[in-house]
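Spelled out, the chains give:
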Amino acid sequence: MERTDIVVITGGAGNIARATIKKYLDNGCIVIATDLKEKNEKDEFLNNPNYEYYKCDVTDVKSITNLKEQIEKKYGKITHLISMAGDAIGTDIKGIEYVTIEDIDKTIKLNLSSHIYITTILLPLLKNETETDNKTITYVSSINALRAYDVPVYSAAKSALYGLCNGMLIDMGKLNIRVNTISPGTILKPHEVAENERTNGEYAKGRPKTKHKDFAINEDIADALYSITHVMKRMVGQNVVIDAGQMA
Ligand SMILES: NC(=O)c1ccc[n+]([C@@H]2O[C@H](COP(=O)([O-])OP(=O)(O)OC[C@H]3O[C@@H](n4cnc5c(N)ncnc54)[C@H](O)[C@@H]3O)[C@@H](O)[C@H]2O)c1
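On a predicted model such as this, the values are computed, not experimentally measured, just so you know. (Residues numbered from 1 in each chain as written. Predicted model: local features only at pLDDT ≥ 70, side-chain atom pairs only at ≥ 80, totals over all residues. Heavy atoms only, no water.)

1. Considerations on the sheet that holds strand β6 (residues 177-184)
In a beta sheet, neighbouring strands are held together by backbone hydrogen bonds and run either parallel or antiparallel to one another. Ordered in space as β3-β2-β1-β4-β5-β6-β7, the seven strands form an open sheet in which the pairing is parallel. The sheet terminates laterally at β3 (51-55) and β7 (239-242), the two strands that pair on one side only. Here the average twist between neighbouring strands, direction ignored, is 20°. Pairing of strand β1 (residues 6-10) with strand β4 (residues 80-83) involves three bridges; the strand directions are parallel. The residue of β4 that forms the bridge with Val-7 is His-80. Here helix α2 (residues 61-74) sits on the sheet and contacts β1, β2 (30-35) and β3; the angle it forms with β3, its principal contact strand, is near 155°. (Pairing = 2+ DSSP bridges. Helix = DSSP H or I, 4+ residues; strand = E, 2+ residues; numbered from the N terminus. Axes fitted to C-alpha atoms, helices over the stretch in contact; angles between N-to-C directions. Contact = heavy atoms within 4.5 Å.)

Have a look at this one:
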């Protein structure tokens with residue numbers, strides 16, 4: 001029987017993740033989506049036999065360990081980890097003058113520590129994959145890590161993912177696991193897209209600057225992730241920026 005890649009995607013109820021899940025399912029992978037949110041009974045992928053959804057809080061080691069045990073029982077291994085869950089939190093959005101100690105800790109835990117937790121806990125499952133040498137870990141960072149967007153702790157955590165990636169490369173190389181990061185630009189919410197179109201791109205002026213009318217969309221990030229994991233099989237230790245020229 002033909003083997004199938006098993007892809008774990010955290011933050012699996014989120015906007016970028018939904019487009020990413022579709023991309024991997026459309027390409028014949030088994031997708032294990034996990035999120036803090038309960039399973040949505042209206043989840044459009046639930047009828048797909050290659051799709052699984054588990055509730056998992058990536059900031060909680062017990063919750064990730066439980067996820068690992070469930071995956072291990074059913075599949076014994078995974079082929080790709082896309083560590084995507086993340087967000088800017090509370091007072092961090094107001095800037096460095098106003099961020100509270102509590103929100104600093106929460107932000108670092110979600111946007112940095114959780115990626116390290118899940119890597120160390122799921123690593124044995126990646127090692128158990130012996131039928132292919134195309135195995136990957138990809139961290140979802142942000143262009144917030146690269147430019148001034150006044151969300152300081154989120155930016156600090158997102159930039160630390162580049163360091164995490166670099167710091168693992170020698171060990172992961174020995175295990176044949178390619179590690180990369182991806183940094184999406186701003187993805188407009190539906191009402192923001194409408195406003196951007198209505199003002200013929202003028203809306204962009206009120207956002208971090210862009211030289212184009214368009215911003216990146218969820219499907220762009222999904223395509224780029226699929227490229228990193230399944231097309232550019234010699235890409236190692238890179239950060240891929242997908243921002244429709246926002247930083248140009
Ligand atoms: N949307 C953008 O403009 C943008 C830009 C750059 C980077 N990013 C990054 O892309 C990733 C996905 O963003 P999105 O736009 O799809 O956001 P989203 O809010 O739609 O999705 C994030 C998901 O993460 C989940 N989550 C939050 N805390 C969690 C936890 N503790 N455990 C498990 N799941 C948790 C949420 O429930 C949510 O479903 C995030 O890491 C975000 O920082 C987004």
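Here the narrative resumes.
2. A short note on unusual backbone geometry
If a residue is not glycine, its phi is most likely negative; likewise, a peptide bond is most likely trans. Within the chain, Asn-176 stands out as a residue other than glycine whose phi angle is a positive 65°. Tracing the backbone through its elements, the reader meets Asn-176 in the loop between α4 (152-174) and β6. A positive phi angle, close to 50°, is found at Ala-244, a residue other than glycine. Positionally, Ala-244 belongs in the segment after β7.

3. A word on the site of the ligand
Near the ligand you find 25 residues, and of these Asp-35, Asp-57, Met-84, Tyr-154 and Ile-187 are the closest. With respect to the ligand, the side chain of Tyr-154 contributes an N or O atom lying 2.6 Å from an oxygen atom. Between the ligand and Lys-158, the relevant distance is 2.9 Å, taken from an oxygen atom to a side-chain nitrogen or oxygen of the residue. In isolation the ligand offers 820 Å² of accessible surface; the protein chains occlude 85% of this area. Those elements that provide at least two residues to the shell around the ligand are α1 (15-26) and α4. Here the shell around the ligand is built from residues that sort into 12 nonpolar, nine polar and four charged. (Near = heavy atom within 4 Å. Polar contact = N/O pair within 3.5 Å; in protein donor to acceptor, adjacent residues only side chain to side chain. Areas by Shrake-Rupley, 256 points an atom, 1.4 Å probe, with all protein chains shown as cover. Nonpolar A, V, L, I, M, F, W, Y, C, P; charged D, E, K, R; others polar.)

4. Some details on the packing of helix α3 (residues 101-128) against α4
Two measures define how a pair of helices packs: the angle their axes make with one another and the distance between the axes. Where α3 meets α4, the axes come as close as 8 Å, and the angle between the chain directions of the two elements is 20°. Taken together, the axes of α3 and α4 are roughly parallel relative to one another. Crossing hand, α3 versus α4: right-handed. When α3 is examined against α4, the residues Ile-104, Thr-107, Ile-108, Asn-111, Leu-112, His-115, Ile-116, Thr-119 and Leu-123 are found in contact with a partner set consisting of Val-153, Tyr-154, Ala-157, Lys-158, Ala-160, Leu-161, Leu-164, Met-168 and Met-172. Of the residues contributing to the contact of α3 with α4, the split by class is 13 nonpolar, four polar and one charged. (Parallel < 35°, antiparallel > 145°, perpendicular 65-115°, else oblique. Left-handed = near helix turned anticlockwise from the far one by under 90°.)

5. Regarding the pairing of β1
Counting buried residues along β1, five of its five residues qualify, which places the element largely inside the surrounding structure. Of the two faces of β1, both are covered, the one formed by Ile-6, Val-8 and Thr-10 as well as the one formed by Val-7 and Ile-9. As judged from the five bridges shared by β1 and β2, these two strands associate in the parallel manner. In the sheet register, Val-7 faces β2, and the bridge partner there is Val-31. Chirality of the crossover, the property in question, places the unit of β1, α1 and β2 among those that are right-handed. (Buried < 20%, exposed > 50% of the residue type's maximum accessible area, 1.4 Å probe, protein only. Right-handed = clockwise from strand over helix to strand, strands pointing away.)

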